[in-house]
Amino acid sequence: MPMILFKAFSALLSYPTADMRAALNEIAGAVEASPLISTGEKRELGALVRELGEGDLLTVESRYVDLFDRGRSLSLHLFEHLHGESRDRGAAMVELKNLYEAAGFELIGHELPDYLPVVLEYLSCRDLKEARDMLADCAHILAAITRSLIARQSRYAAVLQALLVIAGEKPVNAAEIKPVKEHPAALDRDWAEQPAFAEPAGDRPKL
């Protein structure tokens, strides 16, 4: 089932846990079996899977926090890139939550609806057209995060690159990105983007 790939991507982008690491072989199998991504993309994703399985869990956790929890440029909360901390973000969050509920899904736990692993978990239960449309809506944000990850020489970029391809977009050209060793917060200045979501089309709520 092709859509299991989104569930695998959700797991790869989530905070690493012992359970996630125990499932890495299954995740690798879902990636390898997917017809949605190329051999080259599978190779890069395989390198990420191997990295996540190496060393002790504390090291993997620390690397994740250093990347995704220290600055807006690498935040996996999509609306943070679009609205920052403005009131509009709350309204957009409610709209996205309503989209999930209209499809029969109720959020559990503490994660916000715009957290990319949550979005991918939702898309793993939807059809491919809806998934591609939703990913295309936020492709500019995905590309911005990808550039920041490439600049930090992070293998996590492979997931975002694959999502861009599935959305029908060109992947980021890594050769054009200058590696940096700055703290992610400094990358907020380097990769600042204009609002990235397209205007709503029809009645489907935008991510």
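Residues numbered from 1 in each chain as written. Predicted model: local features only at pLDDT ≥ 70, side-chain atom pairs only at ≥ 80, totals over all residues. Heavy atoms only, no water.

*Asks:* I keep staring at the overall build of the protein chain and nothing clicks. Help me out?
*Replies:* Along the protein chain, the regular secondary structure elements total 12 helices and 0 strands. Traced from its N-terminal end to its C-terminal end, the protein chain shows the element sequence α-α-α-α-α-α-α-α-α-α-α-α. Expressed as a percentage of its 207 residues, the buried residues of the protein chain come to 48%. Across the protein chain, contacts joining residues at least 24 apart in sequence account for 67% of those joining residues at least 6 apart. When the accessible surface of the protein chain is summed, it comes to about 10600 Å², and 52% of that surface belongs to carbon and sulfur atoms. (Helix = DSSP H or I, 4+ residues; strand = E, 2+ residues; numbered from the N terminus. Buried < 20%, exposed > 50% of the residue type's maximum accessible area, 1.4 Å probe, protein only. Contact = heavy atoms within 4.5 Å. Areas by Shrake-Rupley, 256 points an atom, 1.4 Å probe, with all protein chains shown as cover.)

*Asks:* Explain helix H8 (residues 116-123) here, please?
*Replies:* For an α-helix, 3.6 residues make a turn, and residues three or four places apart therefore share a direction. Of all 8 residues making up H8, 7 are buried, and the element is well covered by its neighbours. Among the residues making up H8, those that are buried are Leu-116, Pro-117, Val-118, Val-119, Leu-120, Tyr-122 and Leu-123.

*Asks:* Explanation requested: unusual backbone geometry in the structure shown.
*Replies:* Generally, phi is negative for residues other than glycine and the peptide bonds are trans, each holding for most cases. One non-glycine residue, Gln-153, adopts positive backbone phi at about 55°. By secondary structure assignment, the location of Gln-153 is in the loop between helix H10 (139-151) and helix H11 (157-166). A residue is classified by how much of its surface remains accessible, and Gln-153, at 58% relative accessible area, is exposed.

*Asks:* I keep staring at the pattern of salt bridges and nothing clicks. Help me out?
*Replies:* Oppositely charged side chains can form a pair if their charged atoms are brought close together. Evaluated as defined, the whole model comprises 7 salt bridges. One salt bridge connects Arg-126 with Glu-130, and the closest N-O pair in it is separated by 2.9 Å. The exposure class assigned to Arg-126 is partly exposed, which follows from its relative accessible area of 26%. On the basis of relative accessibility, which here comes to 13%, the residue Glu-130 falls in the buried class. Ionic contacts of the salt-bridge type, sharing partners, join the residues Glu-51, Arg-63 and Arg-155 into one network. (Salt bridge = Lys/Arg side-chain N within 4 Å of Asp/Glu carboxyl O.)

*Asks:* Looking at this model, I keep getting lost on the side chain of Glu-41. Mind explaining?
*Replies:* Relative to the helices and strands, Glu-41 resides in helix H4 (residues 39-53). Lys-42 provides the closest opposite charge to the buried, salt-bridge-free Glu-41, at an N-O distance of 8.3 Å. Polar contacts involving the side chain of Glu-41 include one to the main-chain amide nitrogen of Ser-38, which spans 2.8 Å. (Lys, Arg positive; Asp, Glu negative; His and termini not counted. Polar contact = N/O pair within 3.5 Å; in protein donor to acceptor, adjacent residues only side chain to side chain.)

*Asks:* I keep staring at the nonpolar core and nothing clicks. Help me out?
*Replies:* Nonpolar side chains in soluble globular proteins tend to be buried together. Formed by 63 residues in total, the largest nonpolar core has its most connected members in Phe-9, Leu-116 and Leu-163. In this structure Leu-116 touches Leu-13, Leu-76, Leu-78, Leu-142, Leu-160 and Leu-163, once residues within four positions along its chain are discounted. (Core = buried A, V, L, I, M, F, W, Y, C linked by side-chain atoms within 4.5 Å.)

*Asks:* Explanation requested: helix H9 (residues 128-137) in the structure shown.
*Replies:* Those residues of H9 lying buried are Glu-130, Ala-131, Met-134, Leu-135 and Asp-137. The arc that holds every buried residue of H9, seen down its axis, measures 155°, which confines them to one face. (Arc of directions from axis to C-beta.)

*Asks:* Sorry, what's going on with the packing of helix H1 (residues 4-13) against H8 here?
*Replies:* Geometrically, a packed helix pair is captured by the angle between its two axes and the distance between the axes. Direction vectors running N to C along H1 and H8 enclose 165°, while the axes themselves pass 8 Å from each other. Compared by their axis directions, H1 and H8 come out roughly antiparallel. Handedness of the crossing formed by H1 with H8: left-handed. Judged by residue contacts, Phe-6, Lys-7, Phe-9, Ser-10 and Leu-13 of H1 engage Leu-116, Pro-117, Leu-120, Glu-121 and Leu-123 from H8. Per-class residue counts for the contact of H1 with H8 are 7 nonpolar, 1 polar and 2 charged. (Axes fitted to C-alpha atoms, helices over the stretch in contact; angles between N-to-C directions. Parallel < 35°, antiparallel > 145°, perpendicular 65-115°, else oblique. Left-handed = near helix turned anticlockwise from the far one by under 90°. Nonpolar A, V, L, I, M, F, W, Y, C, P; charged D, E, K, R; others polar.)

*Asks:* Can you walk me through the environment of Ala-139 in this structure?
*Replies:* Mapped onto the elements, Ala-139 comes out in helix H10. For Ala-139, a relative accessible area of 3% translates into the label buried. Distance in space between the C-alpha atoms of Ala-139 and Ala-167 is 7.3 Å, their sequence separation being 28 residues. Contact partners of Ala-139, with chain neighbours within four places excluded, come to Leu-164 and Glu-169.

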